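Spelled out from the first residue to the last, the chains are:
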Amino acid sequence: MTPRPLRTVLYVPGDKPRAIEKARTLNADAIILDLEDAVAPEHKAHARDNVREALGTRWPMPVMVRVNGIGSAWEHDDRELALTAGAAGIVLPKVEAAQAVHELSLGLPLWAMIETPLGVLNAAALAALPGVAGLLVGANDLARALRTRADPDRLPLLHALGAVVLAARAHGKIPLDAVYNDVRDPEGFGNECRQGRTLGFAGKTVIHPDQIDPANAAYGVTDDEAHTARALIDAWTAARAEGRSVATYQGALVEQMHVDEAQDVLALWEGTRGR
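Keep in mind it's a predicted model, so treat the numbers as computed, not measured.

### Comments concerning the packing of helix H11 (residues 223-241) against helix H12 (residues 256-272)
Part 1 of the reasoning: At their nearest, the axes of H11 and H12 sit 9 Å apart, and the two run at 140° to each other. Here H11 and H12 pass one another in a crossing that is left-handed. Residue-level inspection shows Asp223, Glu225, Ala226, Ala229, Arg230, Leu232, Ile233 and Trp236 of H11 in contact with H12, the latter providing Gln256, His258, Val259, Ala262, Gln263, Val265, Leu266 and Trp269.
Part 2 of the reasoning: Looking at the contact of H11 with H12 residue by residue, the classes come out as 10 nonpolar, three polar and three charged.

Here it is in structure tokens:
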């Protein structure tokens, strides 16, 4: 079965019941109910109760839980909740060591957050773990750890972003780009979405409902793009039926790798129609 496309994954604070309920109605491809950074220490227990209640009802999209990290005071209670309440996956923050993740043996798809220099350096080992479904970039913590300056083009982070994509793609896992902090800057958000798509990310994590549709568009496929992909496949199929090893479409040479890419485009288009 083709994995559900994840163009947009929305973080929702676990201590905000109204935001959780609203998230059900939104067009995100998946939801992350957050027990970590978005929740103050004194609200952790309350947030956990909210998340447990939310997971007890049906959702129109997969719902994952971002737990507090290894070594925190809340890690065991958070992971027990995610494992027993029906979460679609566990988002683990500040992951650095493959051995530590392997020893968890969670039994649910694990999404490893790459938020530190050591996490970037170990991204390939993390992506190689069978239980890891994908890698998520945590750019805020990463930029602070690297002591970079703010840059609209993310130039100081490009090596790290590329390393995460490379690690994930090498092992057949899903790379998701970091959140964009300024919800009042749709132009900057759109530029970052296009950059992430160009770098090879499969989708983007977001923090506000207004960011969902632009990210879906940036990481999706238009009807025209789907039509072009189908026409290219048809040209290839006709050439092969005539015994030719290559074909041309719109003046360009078409080989098997181009057909494979076109099939990926159609799969994404079909997987997101109506969403």
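### A closer look at unusual backbone geometry
Part 1 of the reasoning: One non-glycine residue with positive phi stands out, namely Arg147, at about 60°.
Part 2 of the reasoning: Secondary-structure assignment places Arg147 in the loop between helix H7 (139-146) and helix H8 (158-170).
Part 3 of the reasoning: Phi at Arg154 takes a positive value of approximately 55°, unusual for a residue other than glycine.
Part 4 of the reasoning: With respect to the element layout, Arg154 can be found in the loop between H7 and H8.

### A short note on the sheet that holds strand S6 (residues 132-137)
Part 1 of the reasoning: Around the barrel, eight strands lie side by side as S1-S2-S3-S4-S5-S6-S7-S8; this closed barrel has parallel pairing. In this sheet, adjacent strand axes meet at a mean angle of 25° when their direction is disregarded.
Part 2 of the reasoning: As defined by bridge partners, strand S3 (residues 63-66) adjoins strand S4 (residues 89-92) across three bridges and the pair is classed as parallel. Residue Met64 lies in a different strand from S4, and its bridge partner there is Gly89.
Part 3 of the reasoning: Helix H9 (residues 186-199) rests against strand S7 (174-177) and strand S8 (203-206) of the sheet, and its axis sits at about 145° to S8.

### Quick look at the packing of aromatic side chains
Part 1 of the reasoning: Evaluated as defined, the whole model comprises one aromatic pair.
Part 2 of the reasoning: Plain terms: the ring middles of Tyr180 and Phe189 are 6.0 Å apart, the flat faces sit at 65° to each other, and that makes the pair edge-to-face.
Part 3 of the reasoning: A relative accessible area of 15% means that Tyr180 is categorised as buried.
Part 4 of the reasoning: According to the relative accessible area criterion, Phe189 is buried, its value standing at 3%.
Part 5 of the reasoning: It is Lys44 that lies over the ring of Trp74; its NZ or CZ is 4.9 Å from the centre.

### Here we look at the environment of Leu142
Part 1 of the reasoning: For Leu142, the position within the fold is in helix H7.
Part 2 of the reasoning: For Leu142 and Pro117, which are 25 residues apart along the polypeptide, the C-alpha to C-alpha distance reads 6.7 Å.
Part 3 of the reasoning: Among residues more than four places away in sequence, those in contact with Leu142 are Glu115, Thr116, Pro117, Val120, Leu157 and Ala160.

### Observations regarding the pairing of S8
Part 1 of the reasoning: Going residue by residue along S8, you find Gly203 and Thr205 tucked away on one face and Lys204 and Val206 tucked away on the opposite face as well.
Part 2 of the reasoning: Relative to S8, strand S1 (residues 8-13) runs parallel, the two sharing three bridges. In the sheet register, Thr8 faces S8, and the bridge partner there is Lys204.
Part 3 of the reasoning: As for the winding sense of the linkage, the β-α-β connection from S7 through H9 to S8 is right-handed.

### Some remarks on helix H2 (residues 44-55)
For the α-helix, the turn length of 3.6 residues means that residues three or four positions removed from each other point alike.
Part 1 of the reasoning: End to end, H2 covers 16 Å across 12 residues, agreeing with the expected 16 Å (1.5 Å per residue, within 8%).
Part 2 of the reasoning: Those residues of H2 not exposed but buried are Lys44, Ala47, Arg48, Asn50, Val51, Ala54 and Leu55. In a view along the axis of H2, the buried residues occupy a sector of 160°, so they form one face of it.
Part 3 of the reasoning: At its buried positions, H2 is contacted by helix H1 (17-23), strand S2 (30-34), S3 and helix H3 (75-84).

### Side note on the side chain of Thr8
Part 1 of the reasoning: As for its placement among the helices and strands, Thr8 is situated in strand S1.
Part 2 of the reasoning: Of the polar contacts made by the side chain of Thr8, one reaches the side chain of Asn216; its length is 2.6 Å.
Part 3 of the reasoning: Filtering out sequence-adjacent residues up to four positions away, Thr8 remains in contact with Ala28, Asp29, Ala30, Lys204, Val206, Ile212, Ala215 and Asn216.

Conventions adopted
Numbering of residues begins from 1 in every chain and follows the order in which that chain's sequence is written. With the structure being a predicted model, the display of local features is reserved for residues of pLDDT at least 70 and the display and counting of side-chain atom pairs for 80 or more, all residues being used for whole-chain, interface and lining totals. The side-chain numbers reported here are obtained from all heavy atoms of the structure, hydrogens and water having been left aside. Under this scheme, a helix contributes an axis fitted over its contacting stretch, all axes are lines through C-alpha atoms, and angles between N-to-C directions fall in the 0 to 180 degree range. Helix and strand definitions follow DSSP, with helices as H or I runs of at least four residues and strands as E runs of at least two, each counted in order from the N terminus. Left-handed describes a crossing in which the near helix is turned anticlockwise from the far one by less than a right angle; the clockwise case is right-handed. In what follows, residue pairs with any heavy atoms lying within 4.5 Å of each other are defined as contacts. Only Asp, Glu, Lys and Arg are considered charged, only Ala, Val, Leu, Ile, Met, Phe, Trp, Tyr, Cys and Pro nonpolar, and every remaining residue, Gly among them, polar. Whether two strands pair depends on DSSP finding at least two bridges between them. Pairing of aromatic side chains here covers Phe, Tyr and the six-membered ring of Trp, requires ring centres within 6.5 Å, and sorts the geometry by plane angle: under 30 degrees stacked, over 60 edge-to-face, intermediate tilted. Think of it in three bands: with a 1.4 Å probe and only protein chains considered, a residue is buried below 20% of the maximum accessible area for its type, exposed above 50%, and partly exposed in between. Our definition puts a charge over a ring when NZ of Lys or CZ of Arg is within 6 Å of the ring centre and also within 35 degrees of the ring normal. By convention a crossover is right-handed if, when the strands point away from the viewer, the path from the first strand over the helix to the second runs clockwise. One less than the number of residues in a helix, times 1.5 Å, gives the span that helix is expected to have. Within this analysis, the arc is defined by the directions that extend from the helix axis to the C-beta atoms. Any pair of N or O atoms that falls within 3.5 Å is considered a polar contact. Within protein, one atom must be able to donate a hydrogen and the other to accept it, and sequence-neighbouring residues count only if both atoms are side-chain atoms.

Any link to function would need more than the numbers given here.
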